[in-house]
Amino acid sequence: MRYGHTKITNAYAEITNEYAEITNEYAEITNEYAEITNEYAEITNEYAEITNAYAEITNAYAEITNAYAEITNAYAEITNAYAEITNEYAEITNGYAEITNEYAEITNGYAEITNALA
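In what follows, the accompanying structure is described. Since the structure is predicted, the reported quantities are computational estimates derived from the model, not experimental observations.

Criteria and thresholds
Residues numbered from 1 in each chain as written. Predicted model: local features only at pLDDT ≥ 70, side-chain atom pairs only at ≥ 80, totals over all residues. Heavy atoms only, no water. Helix = DSSP H or I, 4+ residues; strand = E, 2+ residues; numbered from the N terminus. Buried < 20%, exposed > 50% of the residue type's maximum accessible area, 1.4 Å probe, protein only. Areas by Shrake-Rupley, 256 points an atom, 1.4 Å probe, with all protein chains shown as cover. Patch = residues over 30% accessible without salt bridge, like charges linked within 9 Å, V, L, I, M, F, W, Y side chains within 5 Å. Salt bridge = Lys/Arg side-chain N within 4 Å of Asp/Glu carboxyl O. Lys, Arg positive; Asp, Glu negative; His and termini not counted. Charge placed at Lys NZ, Arg CZ, Asp CG, Glu CD.

### A closer look at the overall build of the protein chain
Stage number 1. In terms of regular secondary structure, the protein chain is built from one helix and zero strands.
Stage number 2. In the protein chain, buried positions account for 0% of the 118 residues.
Stage number 3. For the protein chain, the accessible area works out to roughly 11400 Å², and carbon and sulfur atoms hold 61% of it.

What follows is the structure, given as structure tokens:
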């Protein structure tokens with residue numbers, strides 16, 4: 001009976017050792033999984049930082065674009081105002097030319113009268 005008991009004890013010891021090996025392997029896999037999970041979390045955090053930085057750059061670009069649009073609109077308003085002033089100046093110049101021509105006609109008429117009286 002003793003031999004049978006020893007055989008059972010040895011078999012139990014083998015099973016216990018195999019269980020310990022499997023447990024150790026499981027622990028190693030669990031540790032590796034934890035490391036991979038931590039690395040994934042770091043990568044996820046870095047990705048979030050990059051995404052946030054990209055959003056900030058995009059927002060800054062939008063602000064610059066809006067400012068450029070405002071400047072362009074202001075420039076267009078100035079250009080339009082300048083065109084209006086130029087048109088008004090042309091009208092004044094034309095009016096001045098008409099007055100000058102009328103003055104010349106009057107002066108010529110006066111000269112004719114003066115010559116006729118002479």
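### Things to note about the environment of isoleucine 29
Stage number 1. Counting through the fold element by element, isoleucine 29 comes out in helix 1 (residues 2–117).
Stage number 2. Distance in space between the C-alpha atoms of isoleucine 29 and glutamate 91 is 91 Å, their sequence separation being 62 residues.

### Quick look at the environment of lysine 7
Stage number 1. Tracing the chain through its elements places lysine 7 in helix 1.
Stage number 2. For the pair lysine 7 and glutamate 77, spaced 70 residues apart in sequence, the C-alpha separation works out to 103 Å.

### Some points on a negative patch on the surface
Stage number 1. A contiguous patch of negative charge on the surface is contributed by Glu14, Glu18, Glu21, Glu25, Glu28, Glu32, Glu35, Glu39, Glu42, Glu46 and Glu49.
Stage number 2. Summarising the element assignment, glutamate 35 is placed in helix 1.

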